[in-house]
Amino acid sequence: MSRALVRRARLRSTLGLAAPKRFKSAAAAATASTSSSSLEELYNTNPSTGAVLDPMTLHEHVMVHPTGTGAATSGYLTEADVTRACTSLQNFGFVIIPRLFADDELEQISNSFTSRTDQVLADLKTWAESNGEVKVAGQRAGAEGAKEGAAAIMPDLLDVGSKHGFHEVCLRSPGRYDVPSEFSDYADSTRRPIERIVSEVLGEDFEQAFCGVVYSAPQSEAQLWHADSLHIYDNHGDANLLNGLIALHDTPMEMGPTEFNARSHLLTNHRRNPKCDGINIVYQAALNEPECIGANPDANFTMDLPAGSLVLFDDRVLHRGRGNDSDRARYVGYFSYRRPWFEADTHFEATRSLYHGPDKPSTSFPDKQSGGAGGVG
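Rules of the game
- Residues numbered from 1 in each chain as written.
- Predicted model: local features only at pLDDT ≥ 70, side-chain atom pairs only at ≥ 80, totals over all residues.
- Heavy atoms only, no water.
- Helix = DSSP H or I, 4+ residues; strand = E, 2+ residues; numbered from the N terminus.
- Buried < 20%, exposed > 50% of the residue type's maximum accessible area, 1.4 Å probe, protein only.
- Contact = heavy atoms within 4.5 Å.
- Areas by Shrake-Rupley, 256 points an atom, 1.4 Å probe, with all protein chains shown as cover.
- Axes fitted to C-alpha atoms, helices over the stretch in contact; angles between N-to-C directions.
- Parallel < 35°, antiparallel > 145°, perpendicular 65-115°, else oblique.
- Left-handed = near helix turned anticlockwise from the far one by under 90°.
- Nonpolar A, V, L, I, M, F, W, Y, C, P; charged D, E, K, R; others polar.
- Core = buried A, V, L, I, M, F, W, Y, C linked by side-chain atoms within 4.5 Å.
- pLDDT = per-residue confidence, 0-100.
- Pairing = 2+ DSSP bridges.
- Expected span 1.5 Å × (residues − 1).
- Bend = angle between axes of the 7 residues up to and from the residue.
- Salt bridge = Lys/Arg side-chain N within 4 Å of Asp/Glu carboxyl O.
- Phe/Tyr/Trp six-rings, centres within 6.5 Å; stacked < 30°, edge-to-face > 60°.

1. Details of the overall build of the chain
Logical step 1: For the chain, the helix and strand inventory stands at seven helices and ten strands.
Logical step 2: The 377 residues of the chain split such that 56% are buried.
Logical step 3: Within the chain, contacts between residues separated by at least 24 positions form 83% of all contacts whose residues are at least 6 apart in sequence.
Logical step 4: Element-wise, carbon and sulfur atoms account for 48% of the exposed surface of the chain, whose accessible area totals about 14800 Å².

2. As for the packing of helix H5 (residues 79-92) against helix H7 (residues 188-202)
Logical step 1: Close contact between H5 and H7 brings their axes to 9 Å; oriented N to C, the two are set at 50 degrees. Judged by the angle between their axes, H5 and H7 are oblique. Pair H5 / H7 crosses with right-handed handedness. Together, Glu 79, Val 82, Ala 85, Cys 86, Leu 89 and Gln 90 of H5 and Arg 196, Ile 197, Glu 200 and Val 201 of H7 make up the contact between the two elements.
Logical step 2: Residues belonging to the contact of H5 with H7 are distributed by class as follows: six nonpolar, one polar and three charged.

3. Digging into the environment of Gly 321
Logical step 1: With respect to the helices and strands, the residue Gly 321 is situated in strand S9 (residues 319-321).
Logical step 2: Residue classification places Gly 321 among the buried residues on the basis of a relative accessible area of 0%.

4. Side note on the nonpolar core
Logical step 1: Of all hydrophobic cores here, the largest spans 49 residues; its most connected members are Ile 97, Leu 124, Ile 194, Ile 197 and Phe 335.
Logical step 2: When residues in this core are grouped by element, the largest group, eight residues, is from helix H6 (residues 103-130).
Logical step 3: Not counting residues within four places of it along the chain, the set of residues in contact with Ile 97 comprises Val 64, Pro 66, Leu 77, Ala 85, Ile 197, Ser 309 and Leu 310.

5. Description of the confidence of the model for the chain
Segments scoring low in pLDDT should not have their predicted coordinates read at a detailed level.
Logical step 1: For the chain, mean pLDDT is 81; residues scoring 70 or higher make up 77% of the total.
Logical step 2: Note that residues 1-37 has pLDDT below 50 and, in this model, 77 contacts with residues that lie over four places away or in other chains.
Logical step 3: Counting interchain partners and residues more than four positions distant, the pLDDT-below-50 stretch residues 137-153 has 35 contacts.

6. Points about the sheet that holds strand S1 (residues 94-97)
Logical step 1: Spatially, seven strands are ordered S1-S8-S5-S10-S4-S3-S2 in an open sheet, and the strand pairing comes out antiparallel. Either end of the sheet is taken by a strand with one partner, and the two such strands are S1 and strand S2 (170-173). The mean angle between the axes of side-by-side strands here comes to 25 degrees, regardless of whether they run parallel or antiparallel.
Logical step 2: Pairing of strand S5 (residues 241-247) with strand S10 (residues 330-338), which is carried by seven bridges, proceeds in the antiparallel orientation. Note on S10: the bridge partner recorded for Leu 241 is Arg 338.
Logical step 3: Packed on one face of the sheet, H6 meets strand S3 (176-180), strand S4 (207-216), S5 and S10 and runs near 110 degrees to S3.

7. Section: H7
Logical step 1: For H7, with 15 residues, the first-to-last C-alpha span of 18 Å runs short of the 21 Å given by 1.5 Å per residue.
Logical step 2: Largest kink in H7: about 40 degrees, centred on Ile 194.
Logical step 3: Where H7 is concerned, the buried positions are Thr 190, Arg 191, Pro 193, Ile 194, Glu 195, Ile 197, Val 198, Ser 199, Val 201 and Leu 202.
Logical step 4: Downstream of H7 by one or two residues, Gly 203 has phi in the positive range, about 100 degrees.

8. Brief notes about the pattern of salt bridges
Logical step 1: Summed over the entire model, instances satisfying the criterion amount to 13 salt bridges.
Logical step 2: Among the ionic pairs, Asp 234 bridges to Arg 271, the shortest N-O distance being 2.8 Å. Remark: Arg 271 occurs in the loop between strand S6 (258-261) and strand S7 (300-301) and Asp 234 occurs in the loop between S4 and S5; sequence separation between them is 37 residues.
Logical step 3: With its nearest N and O atoms 2.9 Å apart, the salt bridge here joins Arg 320 to Glu 259. Separated by 61 residues along the polypeptide, Arg 320 in strand S9 and Glu 259 in strand S6 bring together distant segments of the chain. For the pair shown, Arg 320 and Glu 259 are each scored as buried.
Logical step 4: Taken together, the salt bridges that share partners define one network made up of Asp 188, Arg 191 and Glu 195.

9. Let's talk about H6
Logical step 1: Here H6 is 28 residues long and its end C-alpha atoms lie 40 Å apart, about the 40 Å a rise of 1.5 Å per residue gives.
Logical step 2: Immediately beyond the C-terminal end of H6, within one or two residues, lies Gly 132, with a positive phi of roughly 65 degrees.

10. A short note on the pairing of S3
Logical step 1: Of all the five residues making up S3, five are buried; the element is thus mostly covered by neighbouring parts of the structure.
Logical step 2: With burial as the criterion, each face of S3 is covered, one bearing Arg 176, Asp 178 and Pro 180 and the other bearing Tyr 177 and Val 179.
Logical step 3: In this structure, the hairpin formed by S2 and S3 is closed by a connection of two residues, where Gly 175 is found at a positive phi of approximately 80 degrees.
Logical step 4: For S3 and S4, the ladder comprises five bridges, and the chain directions are antiparallel. Of the residues in S4, the one forming a bridge with Arg 176 is Ser 216.

11. Observations concerning the sheet that holds S7
Logical step 1: Pairing in this open sheet of three strands is antiparallel, and the strands run S7-S6-S9 from one edge to the other. Each of the sheet's edge strands pairs with one partner strand only, and the pair in question is S7 and S9.

12. Some remarks on the packing of aromatic side chains
Logical step 1: Taken as a whole, this structure holds 13 aromatic pairs when the rule is applied.
Logical step 2: When the centroid spacing of 6.0 Å and the interplanar angle of 35 degrees are considered together, the rings of Phe 94 and Phe 301 count as tilted. Of the two residues, Phe 94 sits in strand S1 while Phe 301 sits in strand S7, which places them 207 residues apart along the sequence. Phe 301 shares its class with Phe 94; the two are buried.
Logical step 3: By the ring-pair criterion, three or more aromatic residues cluster together here, those being Phe 113, Phe 183, Tyr 186, Phe 206, Phe 335 and Tyr 337.

Okay, here's the thing in structure tokens:
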């Protein structure tokens, strides 16, 4: 996220633009009438029971196992499943739906995402080598023998940060590339189960923000904690942007699934929490460690993700991509959605294209430019 977006968010508040009136969750309603001095107390309360939140029971609240015929029908969610997912999103900041996609549909999603990613990274490597832009010499330690994907073993080819990248790819952190794609590349039926949940939280007039893949090279390090966008009101309302991550293959802990601090979307509100830095919270920084903003590190949550699992999260929740300690590349697809008035275009700040302009690689890759992408996983 750029500092320009930070400024615009603050300007919106200064102008007195009204907050959304829809406070669906118990957490949102409670925060609206709670003083800043008790913000941490609210954070530590389980909104489902009113008791102190027990981190040991988090999995009971943030996981939704489809109760319909999901095992036989890929992407199927009942109304009860959607309701439980929305409740988890609003109360805890994220929800995990294991094995939502399967079989032929998962294979199609995975092939589309990974083939584009491998092509872009191969073309980036060609560009970097021809322009002397390789940032780290040699292979990553421990990555010997990695063979999954055309770019499974590669040095850093860009400086970290979206402004240093291209429209088609940027480096979010060492070894972690973000490769935007197009929503039109994926069937409506693929997005439908995600968008059923999105419409309940963001409203039926939600808009597509960006989609793509976060690729983590073997032995790539963990990200620092961060949120992806700012709170823009004093009171805690529903999310303005949701990110949906899809595990394109089995993603065990050693491959670095995304980690969240449950209910931290309450504490990342810099307008009410003096421990939260209103600029750096949306950048990877050590001062965003959960305990630094008043969160309980025992509420950090991640898990092994079976192939086809969906992880949907509020853009404001504290999260990070864990390190990939394996010898295989990790691919995570994402679809992100926003409220129609919420500006998300600066999640991707590149001003150049890998495929258009002088000294670009010769490639058969389709002539298209992608939209923005946030550092989602």
